[in-house]
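# Structural overview for review
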Amino acid sequence: QVQLVESGGGLVQAGGSLRLSCAAAGRTFSTYLMGWFRQAPGKEREFVAAINWSGSRTYYADSVKGRFTISRDNAKIPVYLQMNNLAPEDTAVYYCAAKIGGGDYYDGDKYADWGQGTQVTVSS
């Protein structure tokens, strides 16, 4: 099991940027597929972005494509989510998650380990 800790959330105005980080304690997750999900009040959790173990493949939700960038350095920790041109609809708690193996990157139920989340609030 991997303990994940997110950081970097906060309050930002529309059009601004934030960079989220996901660190891990315990067993390394260099071979894990890492994902970011978010959940807004009253809404279901949704997939945001994912990156494979080597960092060679990235995946994004249509709603964030071109604005958000997920990255990791040489299959190591931490994993980052650079968020640019933020909009009020991006307001949510953002969660980092780890998954063994590839595939089904968009399905949160396939991820075994989750962080506690970090709040991102975008004001208009």
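One structure accompanies this document, and this report is about it.

## Some details on the sheet that holds strand β7 (residues 68-72)
One open sheet accounts for four strands, arranged β1-β3-β8-β7; its pairing is antiparallel. In this open sheet, the two strands that pair with only one neighbour each are β1 (2-7) and β7. The average angle at which neighbouring strand axes cross in this sheet is 20°, direction not considered. Of the strand pairs in this sheet, β7 and strand β8 (residues 79-83) are connected by five bridges, and their pairing is antiparallel. When the sheet's bridge partners are listed, Ser-71 is paired in β8 with Tyr-80.

## Topic: the pairing of β8
Within β8, four of the five residues are buried, which leaves the element mostly enclosed by the surrounding structure. As paired strands, strand β3 (residues 18-26) and β8 are joined by five bridges and run antiparallel to one another. Looking at β8, one finds that Ser-21 is bridged to Tyr-80.

Conventions we followed
- Residues numbered from 1 in each chain as written.
- Predicted model: local features only at pLDDT ≥ 70, side-chain atom pairs only at ≥ 80, totals over all residues.
- Heavy atoms only, no water.
- Pairing = 2+ DSSP bridges.
- Helix = DSSP H or I, 4+ residues; strand = E, 2+ residues; numbered from the N terminus.
- Axes fitted to C-alpha atoms, helices over the stretch in contact; angles between N-to-C directions.
- Buried < 20%, exposed > 50% of the residue type's maximum accessible area, 1.4 Å probe, protein only.

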